[in-house]
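# A look at the structure
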Amino acid sequence: MPTVTVRKTGQESERRERHGNPGEGRQGNQNIGETERVVSTVLGGALLVGGLARRSWPGLAMAATGAAFLFRGATGHCMVYESIGLDTNRDTSNPDRASGPPHEATRVEESIEVNKPAAELYAFWRHFENLPRIMSHLRSVERINDGVSHWVANTIPGGPNVEWDAEITEDVPNESIGWRSLKGADVDSAGSVKFVPSSDHQRTTIVVTLHYTPPAGRLGVALASLFGEDAVHKIHDDLQRFKAAMES
């Protein structure tokens, strides 16, 4: 059975910041920045109008998503951010609102055992072009050179794609692979996968660890669905697909 570990930095201090002072009122509950509120409002309006124009059940779902983003922009409060302990409403002119470092990272870890030797699983994973076959949020991974690749991921329906270049930071054949996004990426992220063989070398425990910083700004809203609380479920499902594909 897969296991999941999720850690958030600065969660307790941010919770105290939002709820510890009853006199702060609605402003104290605001956990997204002003730029992100504008993005939420614009994206929400586009999804609402586009969804209603379709006159279908998928269109209704899109319209509901748009309404949620409009509410997010109007109130400045995001339930997803609250659940993962994230606050991008940082007013640097007011030290009382600076609850943590400028970039709060989240760590997600999942492991699963696959009935295949480590060398076979490593060979599949080392070619990042294979990953969209098992990771539902990835649209494509293109190799630029032996150490750098270009990644494209889906976000919410009707929302923008996100893209980044990543470099390999660790490569130990049949044991581990590490990577991180390069400067200018839509999302700051890093990850690793470790291959731990059983005593008979016929089974392997895979441990996947991801670190990411949900950003504010123009893509913050769309990325919340990709790198928010639901990331745990996405990684769980992705590894289940990987296990099924390799064992078949």
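The structure displayed is predicted, hence computed values, not measured ones.

### Regarding the overall build of the protein
- For the protein, the helix and strand inventory stands at eight helices and eight strands.
- For the protein, with 248 residues in total, the buried portion stands at 44%.
- When contacts within the protein are restricted to residue pairs at least 6 apart in sequence, long-range pairs at least 24 apart make up 59% of them.

### Some points on the side chain of S192
- With respect to the secondary-structure elements, S192 resides in strand β7 (residues 188–197).
- Classification of S192 by relative accessible area gives buried; the value is 16%.
- Setting aside residues up to four positions removed in sequence, S192 forms contacts with I177, G178, W179, V207, V208 and T209.

### Here's the deal with the pattern of salt bridges
- Counted according to the given criterion, the structure contains eight salt bridges.
- The shortest N-O distance in the salt bridge between D146 and R126 comes to 3.6 Å. A residue pair is termed long-range when its members are at least 10 positions apart, and D146 in the loop between β3 (138–143) and β4 (148–153) and R126 in helix α6 (residues 118–126) qualify at 20 residues.
- Its relative accessible area of 17% is what places R126 among the buried residues.
- The salt bridge partner of D238 is R241, with a shortest N-O separation of 2.3 Å. One end of the pair, D238, and the other, R241, are both in helix α8 (residues 231–247), three residues apart, so they sit about a helical turn from each other.
- Residue classification places R241 among the partly exposed positions, given a relative accessible area of 34%.

### Comments concerning the nonpolar core
- Among the nonpolar cores identified, the biggest contains 32 residues, and W125, W164, F195, I206 and F242 are the most heavily contacted of them.
- In terms of residue count, α6 provides more of this core than any other element does, five residues in total.
- With residues up to four places along the chain from it excluded, the contact list for F242 reads V114, L121, F124, W125, I134 and I206.

### Some remarks on unusual backbone geometry
- In this structure, N174 is a non-glycine residue whose phi angle is positive, near 70°.
- For N174, the position within the fold is in the loop between β5 (162–172) and β6 (176–181).
- In this structure N174 comes out as partly exposed when scored by relative accessible area, which is 34%.
- Positive phi outside glycine occurs at H201, with the angle close to 60°.

### Structural notes on the confidence of the model for the protein
- Chain-level statistics for the protein give a pLDDT mean of 74 and a share of 66% at 70 or above.
- Element-level pLDDT for the protein is lowest in helix α1 (residues 11–19), with a mean of 41, against a maximum mean of 95 in α6.
- Below pLDDT 50 for its whole length, residues 91–103 participates in 15 contacts with residues either more than four positions away or in separate chains.

### Focus: the environment of R143
- Relative to the elements of secondary structure, R143 occurs in strand β3.
- Leaving out residues up to four positions away in the same chain, R143 has contacts with E129, V148 and S149.

### Digging into helix α4 (residues 57–75)
- Its 19 residues give α4 an end-to-end C-alpha distance of 27 Å, which sits within 8% of 27 Å, the value for a rise of 1.5 Å per residue.
- Residue G76 follows α4 closely and has a positive phi angle near 75°.

### A look at the pairing of β5
- By the bridge criterion, six bridges tie β4 to β5 in an arrangement that is antiparallel. Looking at β5, one finds that S149 is bridged to A166.
- Bridge count between β5 and β6: six bridges; the pairing is antiparallel. The partner of D171 across the bridge, within β6, is I177.
- Hairpin connection between β5 and β6: a loop of three residues separates the two successive antiparallel strands, and N174 in this loop has a positive phi of roughly 70°.

### What about the pairing of β7?
- Judged from the five bridges that link them, β6 and β7 form a sheet pairing that is antiparallel. Along β7, the bridge assignment pairs S176 with K194.
- Hairpin connection, β6 to β7: the antiparallel pair is bridged by six residues, and G184 has positive phi, about 95°.
- As judged from the 10 bridges shared by β7 and strand β8 (residues 204–213), these two strands associate in the antiparallel manner. Bridging across to β8, A190 finds its partner in H211.
- Between the end of β7 and the start of β8, which pair antiparallel, lie six residues, with H201 showing a positive phi angle near 60°.

The rules behind each value
Residues numbered from 1 in each chain as written. Predicted model: local features only at pLDDT ≥ 70, side-chain atom pairs only at ≥ 80, totals over all residues. Heavy atoms only, no water. Helix = DSSP H or I, 4+ residues; strand = E, 2+ residues; numbered from the N terminus. Buried < 20%, exposed > 50% of the residue type's maximum accessible area, 1.4 Å probe, protein only. Contact = heavy atoms within 4.5 Å. Salt bridge = Lys/Arg side-chain N within 4 Å of Asp/Glu carboxyl O. Core = buried A, V, L, I, M, F, W, Y, C linked by side-chain atoms within 4.5 Å. pLDDT = per-residue confidence, 0-100. Expected span 1.5 Å × (residues − 1). Pairing = 2+ DSSP bridges.

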